[in-house]
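# Analysis of the macromolecular model
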Amino acid sequence: MNPWQADADLVVIGSGVAGLTAALEASELGLRVLVVTKDARDAGSTRWAQGGIAVVLEDGHEPGDSVRKHVADTLAAAGGLADPESVATILADGPAAVAQLRRRGAVFDPAPGGLALTREGGHTAFRVVHAGGDATGAEVQRALLAAAGEVPILAEHLAVQVLLGGGEQPVSGEYGYSHTRHSQAVGVRVLDERGHPGIVHAPAVLLATGGYGQLFASTTNPDTATGDGLALALRAGAVAADLEFVQFHPTVLYTGPGARGRRPLVTEAVRGHGAVLVDGAGRRVMTGVHPLADLAPRDVVSAAIARRLAASGAPCVYLDATGIADFPTRFPTVHAACAAIGVDPVRDPIPVSPAAHYSCGGVLTDPAGRTTVPGLYAAGEVARSGLHGANRLASNSLLEGLVMGRRAASVVAAELAGPRPLPPVHRAGPGSGWPVFPVADRDLVQRTMSWGAAIGRDGAGLAAASDAIESALLPRPVIDRAGVEDAALTLIAQAVLVAAGTRTESRGCHVRTDFPETDDTYQRRSLLVRLVDGELTVRPAELTQVGAA
Ligand code: SIN
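Residues numbered from 1 in each chain as written. Predicted model: local features only at pLDDT ≥ 70, side-chain atom pairs only at ≥ 80, totals over all residues. Heavy atoms only, no water.

The name given to the protein chain in an unreviewed UniProt entry is L-aspartate oxidase, with Pseudonocardia eucalypti as the source organism. UniProt, in its Cofactor (unreviewed entry) section for the protein chain, records the words "FAD". (UniProt positions renumbered as here; feature names shortened; annotations may be inferred.)

Structure, rendered in structure tokens:
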């Protein structure tokens, strides 16, 4: 079957906060934009975000709060691995990005004199704006989709491969790697909703595909979060960083043994309103663990819960929110999820346990969203922009999507303003065969990662998990959504295991039981590349080496 063809200046893969923001901005800057998304337009992670957007608004912040304090909290949570300059500039751009979002129609919960502010783990001030109580992501998604009006969005279209063009050239010395790659991204290979192959030619490809929570058996992420964008980037030769840092959210509703797939989140804002974690005997979990107690950064709280569960053998701890009288109206989403399992948070402690939530690492980008492959950009959870380091501060991610989406659009527009001939497609052009990748069964990957690479990893478990995945690999042509997702999950499982095995210390959300201490010699990024022969290799890089090639 001959592939259908389309042309754009910028093809955006993903229709969450980062992708739609970039698409809107680029369209306003005069670019021909095409958004490609594999599911319904609102099916990604954005709409599930509860707590809110962390931002210090110029005209409505807690007295004494400042962007400088937001920066300090972000760096403190990040375990020494955030890029201070990226943190400072992204957070400084936050108020303007939120103002733009409000101009585009997003409505946040009001309070006398401004917007209502809440607090979450790791924040030393009330600085999280929210919508619909605990439905912030849904409002952001709604507003951006409504604003996107004229921007073409191809829903149910699956990106299979980044097309590369230009001559093959040696890349030596780039972060210590020597390999060859084609000189630039020139488009993307797509399957449409009927499974018909297509090619979108574009001199700029923006990955905004979200994270890879579905790597684990239990996650807050929707089914779409299979790491497709990271896999596309790795196969295109891009450098990734810090993939070992998978954040587990501490308070995910415990719905019974063996729960799989997406589980309901219980937002940290519930603790911001005074709820506390207790075990089955009513003993506080966070007392004496951290000065911020129940509002400690997320990695600290999740690890403390994991230790308490391991010690007691219990499947869950409890969030006591019985002091929050207006729970049903302030947290309607959480209230409904609790009601569905017969729990009334006004009277009953909420059973919770940690689950995979956020990928702190990702495709390495510079502060404008450029990856190490010319023409390929990344924004949002798929990217490693330097904001999160070893542990993301709560509610910094929607903000990052807004800011980095805008920046990526601006840099693409600036770069396309000059002469930029599109070289012919080198690989996977029209008529060439579909890629065949080594793929392990998804269920096996998820179970393996859950026992081998969750909170409290060790060298033996990581090695056994790698062996289990390697021995399950079978070559599979990637011709449908399940194939693309399974191939992505397999590659990312291998990458996370390699990265986690290499970092022989504990830092942020990378908790190793065999190396429980933080080791200063590891205060550096782990850069990971997939070489042309498929080998995954990790190299350290100093934090001062900011930005991409
Ligand atoms: C939450 O509401 O607890 C999640 C917010 C986030 O992940 O930033």
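Additional details are given in the paragraphs that follow.
## As for the sheet that holds strand 8 (residues 128-129)
Strand order across the open sheet formed by 3 strands is 4-8-7, with antiparallel pairing between neighbours. The strands lining the two open edges of the sheet, one partner per strand, are strand 4 (53-54) and strand 7 (117-118). (Pairing = 2+ DSSP bridges. Helix = DSSP H or I, 4+ residues; strand = E, 2+ residues; numbered from the N terminus.)

## Points about the site of the ligand
If you check the shell around the ligand, you find Q50, G51, E120, H249, L265, T267, E268, R298, H357, R392, A394 and S395 and nothing else. With respect to the ligand, the backbone of S395 contributes an N or O atom lying 2.6 Å from an oxygen atom. For the ligand, whose accessible area on its own is 260 Å², the fraction buried by protein is 95%. Along the lines of polarity and charge, the residues of the shell around the ligand split into 2 nonpolar, 6 polar and 4 charged. (Near = heavy atom within 4 Å. Polar contact = N/O pair within 3.5 Å; in protein donor to acceptor, adjacent residues only side chain to side chain. Areas by Shrake-Rupley, 256 points an atom, 1.4 Å probe, with all protein chains shown as cover. Nonpolar A, V, L, I, M, F, W, Y, C, P; charged D, E, K, R; others polar.)

## Observations regarding helix 2 (residues 67-77)
Turning to helix 2, its buried residues number three or more, namely H70, V71, D73, T74 and A77. When helix 2 is viewed along its axis, its buried side chains cluster within an angular range of 165° and face the same direction. Exposed side chains of helix 2 directed beyond 90 degrees from the buried face belong to R68 and A76. Of the surrounding elements, those touching the buried residues of helix 2 are strand 4, helix 3 (84-92), helix 8 (298-312) and helix 11 (397-417). Within two residues after helix 2, G79 carries a phi angle of roughly 65°, on the positive side. (Buried < 20%, exposed > 50% of the residue type's maximum accessible area, 1.4 Å probe, protein only. Arc of directions from axis to C-beta. Contact = heavy atoms within 4.5 Å.)

## Here's the deal with the pairing of strand 13 (residues 204-207)
Burial of strand 13 is two-sided: the residues A204 and L206 facing one way and the residues V205 and L207 facing the other way are all buried. Note: strand 2 (residues 10-13) against strand 13, 4 bridges, orientation parallel. From the neighbouring strand, L10 faces strand 13, where its bridge partner is A204. Note that strand 13 and strand 22 (residues 376-378) share 3 bridges and pair parallel. The partner of V205 across the bridge, within strand 22, is L376.

## Focus: the sheet that holds strand 9 (residues 153-154)
If you trace the 5 strands from one edge of the open sheet to the other, you get 9-3-2-13-22, paired in parallel fashion. A single partner strand is all that each edge strand has here, and the edge strands are strand 9 and strand 22.

## Overview of empty space enclosed by the protein
Applying the stated criterion across every chain, the model contains 2 cavities of 30 Å³ or more. When its volume is computed, the largest cavity comes out at roughly 50 Å³. Those elements giving two or more residues to the lining of the largest cavity turn out to be strand 10 (158-174), helix 6 (228-235) and helix 14 (481-502). For the lining of the largest cavity, the element with the highest residue contribution is helix 6, accounting for 4 residues. Of the residues in the lining of the largest cavity, the class split is 9 nonpolar, no polar and 2 charged. Of the voids in this model, the second largest cavity is the one considered here, and its volume is about 40 Å³. Together, T21, E25, A97, Q100, L101, R104, L144, L402 and R406 line the second largest cavity. Every element with two or more residues in the lining of the second largest cavity is listed here: helix 1 (17-28), helix 4 (94-103) and helix 11. Top element by residues in the lining of the second largest cavity is helix 4. It accounts for 3 residues. Of the residues belonging to the lining of the second largest cavity, the class tally is 4 nonpolar, 2 polar and 3 charged. (1 Å grid on protein atoms, 1.4 Å probe; cavity = no way out; pocket = protein on both sides within 12 Å on 5 of 7 lines; lining within 4 Å. Points joined across faces, edges and corners; volume = space filled by probe spheres on them.)

## Examining the environment of L75
Relative to the helices and strands, L75 resides in helix 2. The sequence separation of L75 and A236 amounts to 161 residues, and the corresponding C-alpha distance is 31 Å. Ignoring sequence-local partners within four residues, the contact set of L75 consists of G80, A82, P84 and V87.

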